[in-house]
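Below are the chains, spelled out letter by letter.
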Amino acid sequence: MAHLNGTWKLERSEGIDELAKFMELSEEHTKLFKEMKPTFEIMKVGNGFDCKMKYSDTMVKDHKIPLNEEFDINNDITGEKIKSIARLENNKLVVKPVVEKPKSIFSTDEVIDGQFVVTMTTPSGVVCKQYFNRV
């Protein structure tokens, strides 16, 4: 999974409005979500990944994602703590909530044509994709 390793900068997003509506974000938070161009760092470490999402010089979110075991991850937008499990599936990092709820979000991280693509999917079929370029 070394192909995921590196630093990536958000180029563009698709489906942000739909995901924001699903998450019941305020208009202000939706605008902020759409305008942010974070830098994402990911590194395979031991039996998992260390991830850092840098939204600004003062807003950096660190996540430790162990593979094949339950862990708590905070939703960077809502602040909600979600018990999740991560697995490698066909060269993709797939993170799913342990208990699926109507407001759950599943994420799949993969490299497609040299871009790091994060796909967020909800049980109701809302899909948001973020495309990052290697820095």
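Just so you know, these numbers come straight off a predicted model, no measurement behind them.

**Q** An account of the environment of Asn-90 is needed here, citing residue identities and associated values.
**A** On the secondary structure map, Asn-90 appears in the loop between β6 (81–89) and β7 (92–97). Residue classification places Asn-90 among the exposed positions, given a relative accessible area of 72%. In sequence terms Asn-90 and Ile-105 are 15 residues apart; their C-alpha atoms lie 20 Å from each other.

**Q** Pulling in residues and values, what's your account of the nonpolar core?
**A** Generally speaking, a soluble globular protein has its nonpolar side chains buried in company with each other. Ranked by size, the top nonpolar core spans 30 residues in total, and within it Leu-19, Phe-40, Ile-42, Leu-93, Phe-116 and Phe-132 carry the most contacts. Those elements giving two or more residues to this core turn out to be β1 (6–14), α1 (16–22), β2 (39–45), β3 (48–54), β5 (70–74), β7, β9 (115–121) and β10 (127–134). Top element by residues in this core is α1. It accounts for four residues.

**Q** Which residues make up the layout of surface pockets, and what values do they have?
**A** Considering only enclosed or pocket space, the largest pocket measures out at about 950 Å³ in volume. Asn-74, Asn-75, Asp-76, Ile-105 and Met-120 are the residues nearest the centre of the largest pocket, which is lined by 40 residues in total. Those elements giving two or more residues to the lining of the largest pocket turn out to be α1, β3, β4 (60–66), β5, β6, β7, β8 (106–112) and β9. Taken together, the residues of the lining of the largest pocket break down into 23 nonpolar, eight polar and nine charged.

**Q** Account for unusual backbone geometry, with residues named and values stated.
**A** Despite not being glycine, Asn-91 has its phi angle at roughly 65°, a positive value. With a phi close to 50°, Asp-113 is a non-glycine residue in the positive phi region. With respect to the element layout, Asp-113 can be found in the loop between β8 and β9. Residue classification places Asp-113 among the exposed positions, given a relative accessible area of 80%.

**Q** Describe the packing of aromatic side chains, and please don't skip the residues or the numbers.
**A** One pair of aromatic rings is described through two measures. These are the centre distance and the angle between the planes. Tallied over the entire structure, the rule returns four aromatic pairs. With 5.2 Å between their ring centres and 50° between their planes, Phe-40 and Phe-116 make a pair best called tilted. Within this pair, whereas Phe-40 is found in strand β2, its partner Phe-116 is found in strand β9, the two being separated by 76 residues in sequence. On the accessibility criterion, Phe-40 (7% relative accessible area) is buried. The exposure class of Phe-116 is buried, given its relative accessible area of 0%.

**Q** Residues and numbers for the pairing of β1, please.
**A** Here four bridges tie β1 to β2, and the two strands are oriented antiparallel to one another. Across the sheet, the residue bridging to Trp-8 is Phe-40, located in β2. Alignment of β1 against β10, held across six bridges, turns out to be antiparallel. In the sheet register, Lys-9 faces β10, and the bridge partner there is Asn-133.

**Q** Just give me the short version of the pattern of salt bridges, but keep the residues and values in it.
**A** Tallied over the entire structure, the rule returns nine salt bridges. Two residues, Glu-11 and Arg-12, come together in a salt bridge whose shortest N-O distance is 3.9 Å. Assessed through its relative accessible area of 36%, Glu-11 is described here as partly exposed. Each of the salt bridges in this network shares a partner with another, and the network as a whole consists of Glu-11, Arg-12 and Glu-14.

The rules behind each value
- Residues numbered from 1 in each chain as written.
- Predicted model: local features only at pLDDT ≥ 70, side-chain atom pairs only at ≥ 80, totals over all residues.
- Heavy atoms only, no water.
- Helix = DSSP H or I, 4+ residues; strand = E, 2+ residues; numbered from the N terminus.
- Buried < 20%, exposed > 50% of the residue type's maximum accessible area, 1.4 Å probe, protein only.
- Core = buried A, V, L, I, M, F, W, Y, C linked by side-chain atoms within 4.5 Å.
- 1 Å grid on protein atoms, 1.4 Å probe; cavity = no way out; pocket = protein on both sides within 12 Å on 5 of 7 lines; lining within 4 Å.
- Points joined across faces, edges and corners; volume = space filled by probe spheres on them.
- Nonpolar A, V, L, I, M, F, W, Y, C, P; charged D, E, K, R; others polar.
- Phe/Tyr/Trp six-rings, centres within 6.5 Å; stacked < 30°, edge-to-face > 60°.
- Pairing = 2+ DSSP bridges.
- Salt bridge = Lys/Arg side-chain N within 4 Å of Asp/Glu carboxyl O.

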